[in-house]
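# Observations on chain architecture
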Amino acid sequence: MAEGGCAKTEEGEAPSSEEDSGSFHGSGVCKWFNVRMGFGFLSMTNRDGVPLETAVDVFVHQSKLHMEGFRSLREGETVEFTFKKSSKGLESLRVTGPEGAPCVGSEKRPKGAQKRRSKGDKCYNCGGPNHHAKECQLPPQPKKCHFCQSIAHMVASCPIKAQQSSPGSQERSSSAAGGEEEELMRPAPAPLPPESSD
């Protein structure tokens, strides 16, 4: 077997017409699989029901795996597959578990693959916990303020939030407004006499 997973035919052996025309059936185990990159190699021990003297590597991509959810293979997992010969070597076309069952897959997941939800996550559609708007079972709800839940305005113009965020500034502005009214009612102070320059 050549490096890189390509199988070589023995010298003097002409490739059969079956190899030129299509796919073959093989079985073996997963040699290795990179869950982050989504590919690996199968170690083929049987080809079309005939045991091989030495195992042959067959490339596998996650898109060819027969299984639900996150597709991957566990190292050493028993597999059956169809494969073809390409310019890069042997490539799997469809990979299953024994007798066509779904593949088991690896317990490993790439970093960041699991959804991380904070305790404060909630649906923006209904306000309910433990789901997001795209998963909400209710039809689209009217848009509402995220602060006070009113449908009359949005959070940017929420009077309750404005009141709570700057209570001191409102007191100052109302006292300043009241002070201006008082100043308007008072008579203007008399001008000071000019200073003499002796």
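Residues numbered from 1 in each chain as written. Predicted model: local features only at pLDDT ≥ 70, side-chain atom pairs only at ≥ 80, totals over all residues. Heavy atoms only, no water.

The next subject is the overall build of the protein. Summing up its helical and strand segments, the protein has 3 helices and 5 strands in all. Counting over 198 residues, the protein shows a buried share of 23%. Taking the contacts inside the protein whose residues are at least 6 apart along the sequence as the reference set, 45% of them involve residues at least 24 apart. Carbon and sulfur atoms provide 52% of the accessible area of the protein, an area that totals close to 14,700 Å². (Helix = DSSP H or I, 4+ residues; strand = E, 2+ residues; numbered from the N terminus. Buried < 20%, exposed > 50% of the residue type's maximum accessible area, 1.4 Å probe, protein only. Contact = heavy atoms within 4.5 Å. Areas by Shrake-Rupley, 256 points an atom, 1.4 Å probe, with all protein chains shown as cover.)

A few words now on the UniProt feature "domain: CCHC-type" (unreviewed entry) in the protein. The UniProt feature table records "domain: CCHC-type" (unreviewed entry) at residues 122-136. Summarising residues 122-136: 0% helix, 0% strand, and an end-to-end C-alpha distance of 10 Å. (UniProt positions renumbered as here; feature names shortened; annotations may be inferred.)

It is worth spelling out the pattern of salt bridges at this point. Tallied over the full model, the rule gives 2 salt bridges. Lys31 serves as the salt-bridge partner of Asp57, at 3.0 Å between the closest nitrogen and oxygen. Of this pair, Asp57 sits in strand β3 (residues 50-61) while Lys31 sits in strand β1 (residues 24-34), and the two are 26 residues apart along the sequence. (Salt bridge = Lys/Arg side-chain N within 4 Å of Asp/Glu carboxyl O.)

Moving on: the nonpolar core. Leu42, Leu65, Leu73, Phe81 and Val95 are the most contacted members of the largest nonpolar core, which totals 18 residues. When contributions to this core are tallied by element, the ones reaching two or more residues are β1, β2 (39-47), β3, β4 (78-86) and β5 (89-96). Residues within four places of Leu65 in sequence aside, it is in contact with Phe33, Val60, Arg71, Ser72, Leu73, Val95 and Cys103. (Core = buried A, V, L, I, M, F, W, Y, C linked by side-chain atoms within 4.5 Å.)

Successive residues of a regular strand alternate their side chains across the two faces of the sheet. In this sheet, β3 lies alongside β2 in antiparallel orientation, the contact comprising 8 bridges. Each residue of the ladder has a partner; that of Phe41, found in β3, is Phe59. (Pairing = 2+ DSSP bridges.)

A word on unusual backbone geometry. Backbone geometry places Glu99, a non-glycine residue, at a positive phi of 55°. As for its position among the elements, Glu99 is in the loop between β5 and α2 (159-165). Phi is positive for Gln149, close to 70°, though the residue is something other than glycine. Tracing the backbone through its elements, the reader meets Gln149 in the loop between β5 and α2.

Remark: the centre distance and the inter-plane angle together describe each pair of aromatic rings, the angle taken between the planes. Using the criterion set out here, one finds 6 aromatic pairs in the structure. Measuring from ring centre to ring centre gives 5.9 Å for Trp32 and Phe39, while their planes differ by 70°; the resulting arrangement is edge-to-face. Owing to a relative accessible area of 35%, Trp32 belongs among the partly exposed residues under this scheme. Exposure remark for Phe39: the relative accessible area of 26% places this residue in the partly exposed category. Seen from their ring centres, Phe81 and Phe83 are 5.9 Å apart, and the 55° between their planes marks the pair as tilted. Looking at Phe81, the relative accessible area reads 1%, which means it is buried. You can call Phe83 buried: its relative accessible area is 0%. The ring of Phe24 is capped by Arg47, whose NZ or CZ atom sits 4.7 Å from the centre of that ring. (Phe/Tyr/Trp six-rings, centres within 6.5 Å; stacked < 30°, edge-to-face > 60°. Lys NZ or Arg CZ within 6 Å of the ring centre and 35° of its normal.)

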